[in-house]
Amino acid sequence: MEHEVGDSVQYLEGWIDVLGNGLLKKITLKSGNAQLGKPQPSQNVSIWIKMMHENRKEVEDPQYISFIIGEGDVNEALEICVPLMEVEETSLILADVKFCYLSKECQNGSLPPGTKLLLEVKLLSVTGRSLEEKSESEQLELISRVRKKGNDCFQSEEYQLAIVYYNYAVKMIESGFTDDLNAMKKIFLEEKVKCYSNMAACHLKTRNLKETVSCCDVVLQHQPHHCKALFRKGKVLALEQMYPLSIIFLKKALAVEPGHPEIKQEIDTIINTWTKKKKLNCLENSESDSRISMHPLFMSISWKWMLGVAAVALGSVVVYKWR
């Protein structure tokens, strides 16, 4: 789908919410050449870019720039969205100002926090070797660099953005991964485990419990005694009130790191919570039984039943005496 750039861009259909939180969105204005494909990590791209306010007023003059995907030489809006474009494609990126930090206007603080900027971008060309054409050591260096960007975002509490970088690193690992586990491939696998472990931490921070467990399961598939994965999965199971299973995973984590104070405290907290829940359920069941026994209908049935039993018993006695 192609769009004309107008004043009311927020009403255009087809926006992709890249981070899932509305802070970084992309829409295609003009389709690119599918045969030329999309840029890959470590390739050099040339783009034309115009940065504007949401009302279309220019922030900076249009310019041509080149950068290498994954090197971190441009702002995060471009670093993340340009790899989603095809060559000759023109797109519009709606980004929170914090993702445009390399802009001069953003750097000097003239744009207040929360400001949204529009970046009109055309991908002109892609050159250089793809990731698969590089040596394993070069690939590993790039993957590690991308993962560390995710770590920086995590430290800044930009959890959704961190997940994007971790996913990006995982895709690079899996694109060239084989079953032949030589020494270098084992290092790649360790990088993959680190990415999934960190993604689990991000998902737990944002209370995305299903994805937390999913990432932990990937980690445990490769490293069954990974303490952090066991601990995080145990915490999620407790939040879902699956207390017995939660304690099992937490005790496994404690076996890996005996005496770890945070794990011990978590186990104690869950046991106390579980005990209180059981007592509360017993009390509620007891009160429910009491309410049923005191219900007028139940009481009338009970008295009628007792009177009937008494009459039958009395009748039996009289019949017996007259025999």
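Scroll up a little and you will see the structure.
## Notes on the sheet that holds strand β6 (residues 116-127)
Right, so step 1: The six strands are arranged β1-β2-β5-β6-β3-β4 in an open sheet whose pairing can be described as antiparallel. Every other strand in the sheet has two partners, leaving β1 (16-17) and β4 (63-68) as the edge strands with one partner each.
Right, so step 2: In the sheet, β1 pairs with strand β2 (residues 24-30) via two bridges, with the strands oriented antiparallel. Within the sheet, the bridge partner assigned to Asp17 lies in β2 and is Lys25.

## Here's the deal with helix α3 (residues 136-155)
Residues spaced three or four apart along an α-helix face the same direction, because each turn holds 3.6 residues.
Right, so step 1: Compared with an ideal rise of 1.5 Å per residue, which puts 20 residues at 28 Å, α3 spans 29 Å between its outermost C-alpha atoms and is within 8% of the ideal.
Right, so step 2: Among all positions of α3, only Gln139, Leu140, Leu142, Ile143, Ser144, Val146, Arg147, Lys149, Gly150 and Cys153 are buried.
Right, so step 3: Where α3 is buried, its residues meet α1 (76-81), α4 (159-175) and α5 (183-205).
Right, so step 4: Trailing α3 by a residue or two, Glu157 shows a phi angle of about 65°, which is positive.

## Some words on the nonpolar core
Right, so step 1: Residues Leu24, Leu78, Val82, Ile93 and Leu119 are the most contacted members of the largest nonpolar core, which totals 71 residues.
Right, so step 2: Ranked by the residues each element gives to this core, the list is headed by α4, at twelve residues.
Right, so step 3: When residues no more than four places from it in sequence are discounted, the contact partners of Leu78 are Ile47, Ile49, Ile65, Phe67, Pro83, Ile93, Leu119 and Val121.
Right, so step 4: Residues Ile27, Met52, Leu92 and Leu94 belong to the second largest nonpolar core, which totals eight residues.

## Overview of the packing of α4 against α5
Right, so step 1: Where α4 contacts α5, the two axes come as close as 9 Å, and the packing angle between them is 155°. When the axes of α4 and α5 are compared, the pair comes out roughly antiparallel. Considering only the axes of α4 and α5, their crossing is left-handed. Across from Tyr159, Ala162, Ile163, Tyr166, Asn167, Ala169, Val170, Ile173 and Glu174 in α4, the residues of α5 making contact are Phe188, Glu191, Lys192, Cys195, Tyr196, Asn198, Met199, Cys202, His203 and Lys205.

## Here's the deal with the packing of aromatic side chains
Right, so step 1: Evaluated as defined, the whole model comprises two aromatic pairs.
Right, so step 2: Ring centres of Phe154 and Tyr159 lie 5.2 Å apart, and the angle between their planes is 65°; this geometry places the pair in the edge-to-face category.
Right, so step 3: For Phe154, a relative accessible area of 22% translates into the label partly exposed.
Right, so step 4: Since its relative accessible area comes to 16%, Tyr159 is described here as buried.
Right, so step 5: Between the NZ or CZ atom of Lys252 and the centre of the ring of Phe249, over which it lies, the distance is 5.2 Å.
Right, so step 6: Across from the ring centre of Trp274, 4.5 Å away, lies the NZ or CZ of Lys278, which sits over that ring.

So, how was this worked out
- Residues numbered from 1 in each chain as written.
- Predicted model: local features only at pLDDT ≥ 70, side-chain atom pairs only at ≥ 80, totals over all residues.
- Heavy atoms only, no water.
- Pairing = 2+ DSSP bridges.
- Helix = DSSP H or I, 4+ residues; strand = E, 2+ residues; numbered from the N terminus.
- Expected span 1.5 Å × (residues − 1).
- Buried < 20%, exposed > 50% of the residue type's maximum accessible area, 1.4 Å probe, protein only.
- Contact = heavy atoms within 4.5 Å.
- Core = buried A, V, L, I, M, F, W, Y, C linked by side-chain atoms within 4.5 Å.
- Axes fitted to C-alpha atoms, helices over the stretch in contact; angles between N-to-C directions.
- Parallel < 35°, antiparallel > 145°, perpendicular 65-115°, else oblique.
- Left-handed = near helix turned anticlockwise from the far one by under 90°.
- Phe/Tyr/Trp six-rings, centres within 6.5 Å; stacked < 30°, edge-to-face > 60°.
- Lys NZ or Arg CZ within 6 Å of the ring centre and 35° of its normal.

As far as function goes, none of this settles anything; it's purely spatial.
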